[in-house]
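This is what each chain is made of:
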Amino acid sequence: DESSSSDDEASPGEDYGKSDSKDKKTGGGYLKISELLKGVQLYELMGISEGASQDEIKKAYRSLALSAHPDKQATMEPEEAKKVEENFIKIQEAYELLSDPVKRKQYDSSLDFDESLPKFRQGDDFFEVFGEAFRRNARFSVKRPVPDLGTAEDEPRSWKRFYDFWNGFQSWRDPVMLAQKAGEEICDLAEAECREERRWMVRENEKVARKYKQQERDRIAKLVSLAESADPRVQAEKEAKKQARAAEAARREEERTAVKRAKEEAELKQRKAEEIARKEEEEKRKAEKAARDTIKERVKKCRQRLRGFHQAVKEHVVLEQVNEVCLQLKEEDLRALGDRLDQALKGQDSLAAADIFHEAIKSIGLVPMKVAEDDVSTTSGPTDSQEDSQAAEERQQREEQKRQRAAENEAKKKLELERQAEERAKVAAEKAEERKKKEEQRKKEQAAAEAAKRQQEKKEEQKARKAEEKQKKQEEQDKLRKEQQREESRLKAIEQSEKDKQLAQQKKQEMELERLVQMFSQDRVNRLTKLEALTDEKLSASLQEAIASDASLAGAFKLLSEADLEVDRAVDCALALVHQLGVWSLGLPTPAHIRPENALRNRAKKGRKRLSDTMANFLKSCPWDDVEMASASEWQRGIVDGSVEIPFWSQELTSDPPVENTEARGEKPESKKEKKGKNKSKEAEEDLDQILAELETPGSKKKAKKGKN
């Protein structure tokens, strides 16, 4: 095999020169060799290698022409001279053939070549076995240079470029010569009598050559496929990708499980919340019913009290009209009317009491009736036999009015009951519709999860079947896989350590927040207790005293009174200005990250409402003519004009220091001990603020912004 002996020399590739135009003119034919050159190895005759360039061929020919020319062999015998001449003719013909790029390609394609594929066995050196095969076939590559197979230490980019090159391998091997060598009948283009016949011959040769060209492609593709299936670098990458896919699938399954668990926990919390809301609503209804019963009892006592006064004025007031007054007046009016009657009757003035009754009767749209003389001795009014025609007509009108009012009240009560029933039915329908939507959504999600799980299981089964069909993994792959597993274990340990650190940090932050909430709740309870013990007059008096003793605070309030602010905004600014004055810190908004219990929050709201109302009345009632605005501090001016945000509650306000001028200005006086611990407290405050900032959620930030506004 001549080609195998010159693989190393041919590996750089033959130099065929620029032959595009000739390829087009002479392609499709076969190579005709003279009788002298049949069976002669032209490269050996020329003394060059198969991979020699055109310059090397030209130099070799010139050298042989000088040494083997017949004219330089004049002293030889005729037979020897004849042999020298034949040898010179061979050299000339060989040079003509090898110097023609097309003919040289055809000639090289006709040479014997080892087309066998390597047989790789377990334990063989992959790079040695397949490296020789690729170097042997590299001589036919059109593209130069041809990349090498490399070693096991090569980077993926290098060996992937190698396989990309061979998967797109372009061979210059002439398929017509391969067909001719295999004994196929090939048309000689030189025998064509016309251009049309030549074209027909080319097409016929191409039909025959097409099969051999495809065989050459298949042979190279099979070589590449065998190499990829046995290459430890490719197998290692496939195994790594498989493990990565398995890890990704496990991660997704864990995420789906976590989402499902979170959803179930959320549904459980929602059901508990709905149950708590239902119980609270039921308790609220009971409390409202008890309140209504209490009101009814008080109204009943007020009516009995008014009817008790009728005995003293029965000579002037009709009992039916007294009953009508009792039915139509509210509790406050009944109590006030009873007090007036009681006061009049204490002075033994029955006429004044009767006038009071008559005023009440007129206030409900009735005309006071005169009491007949025969009616004086009774409390139930005159009998039918004693009534005159006018009294009978008035009583009939009263009864008619009473029936109309009773009918109206009954109609109103009926409408109210119908409206309440409709509202309850609407609420029940909305809840039922919401539950139905949630159930449908849950079923859809469950079906999607089951479908995804089935799809994933199907994919896993397919992967398992493919894995069973593959060859056994090599020892190097096992070693690499174990190393990867050890690396993954190490990374998982590091990841778990980081998770533990994060959990510990989060727990610490939650404990700190819980401590802050307890501190806030205790402060609110203490201040609310003090506030509830104070009257509105005392609150206003404390404001008046603070402003009278602090010129800067007075200046800030005058500045606030002259600012063009809405009432609510002005009240908020005023509460911020006096937030250092004992219970007035209840007027500050609560930070969004602090969530006290509902009872305490509602109680605090009521307290803040009371402080806001007191402050609003104070701002309206106090004159500021003799106050200088220039005495207000920069912080106070910033609160009024909005350049400084209204502060939220902070832990510095948990104690109740004595009220001084510096506190009213928003500044905190420092004692000697406080000055010594100032830096330390600042660091603690910054740490706490950082913890609270990390715990804040996007929702809480929005609520905080709403509180500021």
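Reference entry: report on the structure contained in this document. (Residues numbered from 1 in each chain as written. Predicted model: local features only at pLDDT ≥ 70, side-chain atom pairs only at ≥ 80, totals over all residues. Heavy atoms only, no water.)

What about the side chain of R139?
With respect to the helices and strands, R139 occurs in the loop between α8 (126-137) and α9 (156-167). For R139, a relative accessible area of 3% gives the class buried. A distance of 2.8 Å separates the side chain of R139 from the side chain of E50, its partner in a polar contact. (Helix = DSSP H or I, 4+ residues; strand = E, 2+ residues; numbered from the N terminus. Buried < 20%, exposed > 50% of the residue type's maximum accessible area, 1.4 Å probe, protein only. Polar contact = N/O pair within 3.5 Å; in protein donor to acceptor, adjacent residues only side chain to side chain.)

Structural notes on helix α15 (residues 350-363)
Along its 14 residues, α15 runs 20 Å from first to last C-alpha, staying within 8% of the 20 Å computed at 1.5 Å per residue. By the burial criterion, the buried members of α15 are A353, A354, I356, F357, H358, A360 and I361. Turning to α15, the residues buried within the fold contact α12 (232-309), α13 (319-328) and α14 (331-346). Two residues or fewer after α15 comes G365, characterised by a positive phi angle close to 90 degrees. (Expected span 1.5 Å × (residues − 1). Contact = heavy atoms within 4.5 Å.)

Quick word on the side chain of R524
For R524, the position within the fold is in helix α17 (residues 475-533). Those residues in contact with R524, other than ones at most four positions away along the chain, are S585, L586, L600 and W649.

Things to note about the nonpolar core
Formed by 36 residues in total, the largest nonpolar core has its most connected members in L553, F557, V578, W584, M615 and F618. Among the elements of the structure, α17, α18 (536-549), α19 (551-562), α20 (567-577), α21 (598-621) and α22 (634-641) are those that each provide at least two residues to this core. At seven residues, the largest contribution of residues to this core is made by α20. Once residues within four sequence positions are removed from consideration, F618 is found in contact with S540, L543, Q544, I547, F557 and W624. (Core = buried A, V, L, I, M, F, W, Y, C linked by side-chain atoms within 4.5 Å.)

Observations regarding the packing of α17 against α21
At a minimum axis distance of 10 Å, the contact between α17 and α21 shows a crossing angle of 45 degrees. The orientation of α17 with respect to α21, classified from their angle, is oblique. The crossing of α17 and α21 is left-handed. Listed contacts from α21 to S521, R524, V525, L528, T529, L531 and E532 of α17 are L600, R603, A604, G607, R610 and L611. Classifying every residue of the contact of α17 with α21 gives six nonpolar, three polar and four charged. (Axes fitted to C-alpha atoms, helices over the stretch in contact; angles between N-to-C directions. Parallel < 35°, antiparallel > 145°, perpendicular 65-115°, else oblique. Left-handed = near helix turned anticlockwise from the far one by under 90°. Nonpolar A, V, L, I, M, F, W, Y, C, P; charged D, E, K, R; others polar.)

Section: a negative patch on the surface
A contiguous patch of negative charge, built from D124, D125, E128, E475 and E476, is present on the exposed surface. Within the fold, E476 resides in helix α17. What makes E476 exposed here is its relative accessible area of 52%. (Patch = residues over 30% accessible without salt bridge, like charges linked within 9 Å, V, L, I, M, F, W, Y side chains within 5 Å. Areas by Shrake-Rupley, 256 points an atom, 1.4 Å probe, with all protein chains shown as cover. Salt bridge = Lys/Arg side-chain N within 4 Å of Asp/Glu carboxyl O. Lys, Arg positive; Asp, Glu negative; His and termini not counted. Charge placed at Lys NZ, Arg CZ, Asp CG, Glu CD.)

What about the pattern of salt bridges?
A complete count under the given rule lists 44 salt bridges for this structure. Note that K38 and E35 form a salt bridge whose closest N and O atoms lie 2.9 Å from each other. A network of salt bridges, in which partner residues are shared, links E115, R173, E216 and R219.

Examining α8
Given a rise of 1.5 Å per residue, twelve residues ought to cover 16 Å, and the 17 Å separating the end C-alpha atoms of α8 matches this to within 8%. All buried positions along α8 are accounted for by F126, F127, F130, G131, A133, F134, R136 and N137.

Brief notes about the packing of aromatic side chains
On inspection of all chains with the given rule, the structure shows 17 aromatic pairs. Consider the rings of F126 and F130, whose centres lie 5.0 Å apart with planes at 35 degrees: the pair is tilted. On the criterion of helical spacing, the pair formed by F126 and F130 is a turn pair, its members being four residues apart in helix α8. The pair F126 / F130 is uniform in exposure class, with both members buried. Taken together, a centroid distance of 5.3 Å and an interplanar angle of 65 degrees make the contact between F140 and W172 edge-to-face. Linking F140 in the loop between α8 and α9 with W172 in the loop between α9 and α10 (175-181), this pair joins segments that are 32 residues apart in sequence. According to the relative accessible area criterion, W172 is buried, its value standing at 9%. (Phe/Tyr/Trp six-rings, centres within 6.5 Å; stacked < 30°, edge-to-face > 60°.)

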